[in-house]
Amino acid sequence: MRYTQLGRTGLKVSRLVLGTMNFGPQTDEADSHAIMDAALDAGINFCDTANVYGWGENKGRTEEIIGSWFAQGGGRRDKVVLATKVYGNMGPGGEAWPNHDKLSAVNIRRAVDASLKRLQTDHIDIYQFHHIDRSTPFDEIWQAVDVLIQQGKILYVGSSNFPGYKIAQANETAARRGGTIGLVSEQCLYNLAERRAEMEVIPAAQDYGLGVIPWSPLHGGLLGGVIKKEAQGGRRASGRAADTLADPVARKRIQAYEDLLEKHGMEPGETALAWLLTRPGVTGPIVGPRTREQLDSALRALELELSEELLASLDEIFPGPGPSPEAFAW
């Protein structure tokens, strides 16, 4: 396993991040624990979750599964850099009850304590804002964060799905307040097929010293060899991948991608992960395996070396937006 610093911090994290969104909804507790054990054995020390994972009436279930894994002992908690998120509504009975969502000081305090209980731990290493809160000023957010850091309940703070200007606002407010480290990571949608983050989000993250943690590195399975799998009678595309393939132009681009990698004797999903590992500012992509086999495939991406010729060909198929402001100004 390869490790890197998380942004401007001294924290060392693995270059693959274990995403847990499928734990509970698609993968039962026993299999989830087996995947976490295998990830730890492979050297993955970075685990990402969110309080809402489990979804619907089962919100919080994923954190509970992780907590029961920690409770097995064996140094599991000490070996893991644990990240979870706050923002989604966690009201009783699934109701959208006031002050049980977003980033008010009231909800942040409540949500941290609830996550700690489910996770069976006394601290969260990286507490992430799952979305921007248009109603709560950053002064209030940082005041709540400062208290939690002083209490030892959280160590670092990250963002998720923030635009570049909100990363700037958050960290400028933190700097003005003094004594607050500010955001240290940004978790954003970023992959070969979706490169808009390169225009504003990633440059902002780099300028402010945030590690970039891409989610959906295979774009909902679109970059995992979906056309070939369909032709072989495998699992059909759904969600974001199905929507994209419904566009003939986009489908032609994905076909060109799969044909290119077949020519090079490479697997599409592993190549898509390996490409992200070459991108400036990227700490490591989140992989969310439903099975042990999917985890093993993700791990193989760490061994791939992408030639300059292949990188250039990938850029031709999936051109990025280019730097800003040139990308949108002229």
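Residues numbered from 1 in each chain as written. Predicted model: local features only at pLDDT ≥ 70, side-chain atom pairs only at ≥ 80, totals over all residues. Heavy atoms only, no water.

Student: Lay out the overall build of the chain with the relevant residues and their values.
Tutor: When helices and strands are counted, the chain shows 14 helices and 10 strands. At 20 Å, the chain has a C-alpha radius of gyration in line with the 20 Å of a compact globule built from 330 residues. Principal-axis analysis of the C-alpha atoms gives the chain an extent of 55 × 50 × 40 Å. For the chain, the proportion of contacts with a sequence separation of at least 24, taken over those separated by at least 6, is 77%. (Helix = DSSP H or I, 4+ residues; strand = E, 2+ residues; numbered from the N terminus. Rg over C-alpha atoms; globule rule 2.2 N^0.38 Å. Contact = heavy atoms within 4.5 Å.)

Student: Summarise helix H4 (residues 105-119); cite the residues concerned and give the values.
Tutor: In this model, H4 (15 residues) spans 21 Å end to end at C-alpha, consistent with the 21 Å of a helix rising 1.5 Å per residue. Of all the positions in H4, only Asn107, Ile108, Ala111, Val112, Ser115, Leu116, Arg118 and Leu119 are classed as buried. Seen from one end, H4 has its buried residues packed into an arc of 160 degrees, which puts them on one side. Exposed and oriented more than 90 degrees from the buried face of H4 are Arg109 and Lys117. On its buried side, H4 packs onto helix H2 (61-70), strand E5 (81-86), strand E6 (124-129), helix H5 (138-151) and strand E7 (154-160). Within two residues after H4, glutamine 120 carries a phi angle of roughly 55 degrees, on the positive side. (Expected span 1.5 Å × (residues − 1). Buried < 20%, exposed > 50% of the residue type's maximum accessible area, 1.4 Å probe, protein only. Arc of directions from axis to C-beta.)

Student: If you had to explain the packing of aromatic side chains to someone new, which residues and values would you point to?
Tutor: In the structure shown here, the tally under the stated rule is six aromatic pairs. With a centroid separation of 5.4 Å and an interplanar angle of 45 degrees, the aromatic rings of tyrosine 53 and tryptophan 55 are classed as tilted. For tryptophan 55, a relative accessible area of 40% gives the class partly exposed. The ring of phenylalanine 70 is capped by arginine 77, whose NZ or CZ atom sits 5.3 Å from the centre of that ring. (Phe/Tyr/Trp six-rings, centres within 6.5 Å; stacked < 30°, edge-to-face > 60°. Lys NZ or Arg CZ within 6 Å of the ring centre and 35° of its normal.)

Student: Tell me what's going on with the confidence of the model for the chain, and back it up with residues and numbers.
Tutor: Regions with low pLDDT should not have their predicted coordinates read in detail. Looking at the chain as a whole, its pLDDT mean stands at 96, while 99% of the residues score no less than 70. Within the chain, helix H9 (residues 239-245) has the poorest average pLDDT of any element, 83, and E5 the best, 99. (pLDDT = per-residue confidence, 0-100.)

Student: For the sheet that holds E5, give the residues involved together with the corresponding values.
Tutor: Sheet architecture is open: eight strands sit in the order E9-E8-E7-E6-E5-E4-E3-E10, paired in parallel fashion. Edge positions in the sheet fall to strand E9 (211-215) and strand E10 (286-287), since each of these pairs with one other strand and no more. Sheet topology note: the strand E8 (residues 183-189)/E9 ladder contains five bridges and is parallel. Pairing of glutamate 186 across the sheet is with valine 212, part of E9. Sheet strands touched by H4: E5, E6 and E7. Its angle to E6, the strand with the most contacts, is close to 135 degrees. (Pairing = 2+ DSSP bridges. Axes fitted to C-alpha atoms, helices over the stretch in contact; angles between N-to-C directions.)

Student: Mind laying out the side chain of arginine 195, listing which residues take part and the relevant values?
Tutor: Mapped onto the elements, arginine 195 comes out in the loop between E8 and helix H7 (201-207). Within the structure, arginine 195 has its side chain in polar contact with the side chain of glutamate 198 (distance 2.9 Å). Side chain to side chain, arginine 195 and aspartate 315 meet in a polar contact 2.8 Å long. Not counting the four nearest positions on each side in its chain, arginine 195 is found in contact with Tyr190, Trp275, Arg279, Asp315, Phe318, Pro319, Gly320 and Pro321. (Polar contact = N/O pair within 3.5 Å; in protein donor to acceptor, adjacent residues only side chain to side chain.)

Student: Before we move on, can you summarise the environment of threonine 244 with the specific residues and values?
Tutor: Turning to its location among the elements, threonine 244 is positioned in helix H9. On the accessibility criterion, threonine 244 (22% relative accessible area) is partly exposed. Separated by 51 residues in the primary sequence, threonine 244 and alanine 193 place their C-alpha atoms 9.8 Å from one another. Sequence-distant contacts of threonine 244, defined by excluding residues within four places in its chain, comprise His219, Leu222, Ala250 and Arg251.

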